[in-house]
Amino acid sequence: MALPAPSLPAAPVLRIGGLQVRYPGSERPTLDGLDLTLSPGERLALVGPSGCGKSTVARAVLQLLPPGSVCDGELLLAGQDPRRLRRAALRRLRGEAVGLVFQDPMTRLNPLLTIGEHLRDTLAAHRGGGRERARELLARVGIAPERYGSFPHEFSGGMRQRLAIALALALHPPLVIADEPTTSLDVAVAGQVMAQLSELCTETGSALLLISHDLAMAGRWCDRIAVLDQGRLVEEAPSLQLLTAPASPLARRLVGAAREREGGRSEAPAAAPVLLEVEELRSWHPLPSLPWQPRWIKAVDGVSLTLHEGETIGVVGASGCGKSSLCRALMGLAPVRGGAVRLQGVDLRRLGGRSLRRARRRLQMVFQDPLACLNPQMTVGEAVADPLLIHGLARRPEARRRAREQLALVGLDPPESFEDRLPRQLSGGQQQRVAIARALILGPQVLLCDESVSMLDAEVQADVLALLRRLQGQLGLGMLFITHDLSVAGGFCHRVLVLDGGRVVEQGAGAELLAHPQAAITRTLVEACPRLPPLP
């Protein structure tokens, strides 16, 4: 009896060997001799510090590099070298061999097309398929088929990311690349999105390349982790091995920073003067309705808190709970229907005109994405000095001098080497330091930080959090810290408030509250939060 022929190992979906990528005008390569192989059904996480070349790997695989870029070395995607294909063949390979899930799905979605039209366009461009196939895809990612005619802006962040997964997997691609797919989502929604993505990859047999700065999430969802540094692969190992016994110096630093953040706690500050009192604050948005039957979205509905000098209060909750709406209401950027906001004893709601403008200098904000809040045409020095000029507090030479002082204060030293650069010429951590310097130049007493470190890798996160803590000690700042990262909330914040439906449902000391959650939403968030595996 003849023996069955031995099964041959499946050909790799992606093979990269000695890959070098150099962007136009760059003196050194972004990828410098990278070797990487991904087989069908494998799940590989690509991690590393900001600027290490993680996202450039995805751009090189799809040949989405800027004109004039150099891309040398071995590169095979589904057995084909995308660099040797003509435009039509390359377009077909991109569409059918790779599914892409981006960090911000709105950058991929056309605001003028309905959800169904997005799916029908993708199917029609490659394999065909009509309304029924599109509805089936929506149902598989947990979106009711009745939402077929909805537009992207009518979906929450988590629902838009589910749509992005449906688009990525519509053609059963052999490779799915997910580039920071959960950065802007709360831990509960992020867990649901990653579970959905993982399950569908298993069903279709697709390989998953997850680009992330979150080591705990990478360990939960991927079999292997590869660490990049300056465009080179410095370590690749099974997830459990890398997270418990990292070998390379960089991996040890990244894992050490992540463990320190998870296990950290902040001691309660000494008794200090009250900086900010919020009493029964309501921020409601009107919905279309009859004049005698008004309807409202109660984004913030009766929130009260007291912030002292030198204290950090964390605000956590699921997507849509009112965290960012609270910040916008405090800054005067969202309508306030009732309540009081007292800054150093003065009710801001009773002020107007110049007196309100002067008072608001003492309340400043640091946003999630520094590039989105910095003028791309302004140099770093001009961006930091600009608030002084807007408020008429200094002439241009004096404003530039004070801007240099602020850059040095936030660790961009010497300031002369940074002040003439444009924001895009800085790393993510440096951009966030510029945003902090700009917020501090008016001398505020209260700093509102809205997801200010969520886009940074573990090492840079630790640096920025240490900077904020140092500045808080030097300047006596009170901070309201909005975050979906429970590790940051528990380790960095003195107290934590949990919001649900625009209301505070639980509050207490950071580490204790997250170690012993009482409210249902707090328990859900804690259970969904990925954690590093315990050390042996």
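Each remark here, short or long, concerns the structure printed above.
Predicted, not measured: the structure shown is a model, and the values here were computed from it.

J.: When you look at the overall build of the chain in this model, what are you seeing that I'm missing?
T.: Counting secondary structure elements, the chain contains 19 helices and 19 strands. Compactness check: the chain gives a C-alpha radius of gyration of 25 Å against a globular reference of 24 Å for 536 residues, within 12% of the reference. Its C-alpha atoms give the chain principal-axis dimensions of about 90 × 60 × 50 Å. For the chain, with 536 residues in total, the buried portion stands at 51%. For the chain, the accessible surface area stands at approximately 24,000 Å², while carbon and sulfur atoms represent 51% of it. Between the averaged position of the 62 positive side-chain charges in the chain and that of its 54 negative side-chain charges there is a distance of 6 Å.

J.: Looking at this structure, I do not really get unusual backbone geometry. What am I missing?
T.: With the exception of glycine, most residues fall at negative phi, and the peptide bonds are largely trans. Geometrically, the link from Asp413 to Pro414 is a cis peptide bond, its omega value of 5° lying close to zero. With respect to the secondary-structure elements, Pro414 resides in the loop between α14 (396-409) and α15 (428-440). Positive phi outside glycine occurs at Glu280, with the angle close to 50°. Along the polypeptide, Glu280 turns up in strand β10 (residues 274-287). Looking at Glu280, the relative accessible area reads 43%, which means it is partly exposed.

J.: Looking at this structure, how should I read the sheet that holds strand β17 (residues 478-482)?
T.: Hydrogen bonds between backbone groups are what pair the strands of a sheet, and the pairing can be parallel or antiparallel. Spatially, β15-β16-β17-β12-β18-β19 is the arrangement adopted by the six strands of the open sheet, whose pairing is mixed. Of all strands in the sheet, those bounded by a partner on one side alone are β15 (363-366) and β19 (503-509). Taken pair by pair, the neighbouring strands of this sheet meet at an average axis angle of 20°, ignoring direction. The pairing of strand β12 (residues 312-317) with β17 spans four bridges and is classified as parallel. Across the sheet, the residue bridging to Gly314 is Phe481, located in β17. Strands in contact with α15 are β15 and β16 (446-450); relative to β15, the strand with the most contacts, it is inclined by about 170°.

Rules used throughout
Residues numbered from 1 in each chain as written. Predicted model: local features only at pLDDT ≥ 70, side-chain atom pairs only at ≥ 80, totals over all residues. Heavy atoms only, no water. Helix = DSSP H or I, 4+ residues; strand = E, 2+ residues; numbered from the N terminus. Rg over C-alpha atoms; globule rule 2.2 N^0.38 Å. Buried < 20%, exposed > 50% of the residue type's maximum accessible area, 1.4 Å probe, protein only. Areas by Shrake-Rupley, 256 points an atom, 1.4 Å probe, with all protein chains shown as cover. Lys, Arg positive; Asp, Glu negative; His and termini not counted. Charge placed at Lys NZ, Arg CZ, Asp CG, Glu CD. Pairing = 2+ DSSP bridges. Axes fitted to C-alpha atoms, helices over the stretch in contact; angles between N-to-C directions. Contact = heavy atoms within 4.5 Å.

Remember that the coordinates give geometry; whether it matters functionally is a separate question.
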